[in-house]
Amino acid sequence: QVQLVESGGGLVQPGGSLRLSCAASGSIGSINKMGWYRQAPGKQRELVATITSGGSTNYADSVKGRFTISRDSSKNTVTLQMGSLKPEDTAVYYCNVGGVSSWIPYNYWGQGTQVTVSS
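Report follows, based on the coordinates. (Residues numbered from 1 in each chain as written. Predicted model: local features only at pLDDT ≥ 70, side-chain atom pairs only at ≥ 80, totals over all residues. Heavy atoms only, no water.)

Let us now look at the environment of Gly 54. The residue Gly 54 is located in the loop between strand E5 (46–52) and strand E6 (57–59) in this model. Along the primary structure Gly 54 and Lys 33 are separated by 21 residues, whereas in three dimensions their C-alpha atoms are 8.8 Å apart. (Helix = DSSP H or I, 4+ residues; strand = E, 2+ residues; numbered from the N terminus.)

Next up, the structure:
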C-alpha cells in the first residue's frame, strides 16, 4: 500500500498564492507519475498538473503560467505552487501517485485538501 499525506490547503484571496504538498510513503516501488487533480462542486474531477519520474510536466490550460508542479530528489513528494489564484480555482485538490511495485501497477489518491479563493 501507498499512503499519501496532503498539506497546504486553505483560504486565500484572489491574486494570492498557495502551495500544496503531497508526500508518498509505504510500499513504493517505482513512482512513474505524480500529480494534482481537483473537483469543484457540481463539476467533474479534472487534471491540474502532473509530473513524471523523468521530469516531464503536463498542465491544464486553465492553470498554465500560474501553477508550477515539482518533485523532490527522492521522487516521493510532489508540490504544486499556485499563484495568481482565481475564484474558479476553488475546489478540493487531490494528490495522485502512480507507479509499479513488484511489477504491479498502482494508482493511489489522497483524501483531498480544500482550496478556497475568495475575498
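Here the focus is the pairing of strand E1 (residues 2–7). Here E1 shows one buried face, formed by Val 2, Leu 4 and Glu 6, and one open face, formed by Gln 3, Val 5 and Ser 7. Pairing between E1 and strand E3 (residues 18–26): six bridges, direction antiparallel. Within the sheet, the bridge partner assigned to Val 2 lies in E3 and is Gly 26. (Buried < 20%, exposed > 50% of the residue type's maximum accessible area, 1.4 Å probe, protein only. Pairing = 2+ DSSP bridges.)

Attention shifts here to the pattern of salt bridges. By the definition in use, this model includes four salt bridges. Across the pair Arg 38 and Asp 89 runs a salt bridge, and its minimum N-O distance is 3.0 Å. Residue Arg 38 is located in strand E4 (residues 30–39), and its partner Asp 89 is located in the loop between strand E8 (77–82) and strand E9 (91–101); the two are separated by 51 residues in the primary sequence. Each of the two residues, Arg 38 as well as Asp 89, counts as buried. (Salt bridge = Lys/Arg side-chain N within 4 Å of Asp/Glu carboxyl O.)

This paragraph deals with the packing of aromatic side chains. Enumeration over the complete set of coordinates arrives at two aromatic pairs. Measuring from ring centre to ring centre gives 5.0 Å for Tyr 37 and Trp 109, while their planes differ by 65°; the resulting arrangement is edge-to-face. A residue pair is termed long-range when its members are at least 10 positions apart, and Tyr 37 in strand E4 and Trp 109 in strand E10 (residues 104–109) qualify at 72 residues. Residue Trp 109 is classed as partly exposed on the basis of its relative accessible area, which comes to 30%. Aromatic pair Tyr 106 and Tyr 108: ring centres 5.6 Å apart, planes at 50°, arrangement tilted. Look at Tyr 106 and you get buried, because its relative accessible area is 11%. Overall, Tyr 108 belongs to the partly exposed group, its relative accessible area being 28%. Here the guanidinium or amino end of Arg 45 rests over the ring plane of Trp 109, the centre of that ring lying 3.8 Å away. (Phe/Tyr/Trp six-rings, centres within 6.5 Å; stacked < 30°, edge-to-face > 60°. Lys NZ or Arg CZ within 6 Å of the ring centre and 35° of its normal.)

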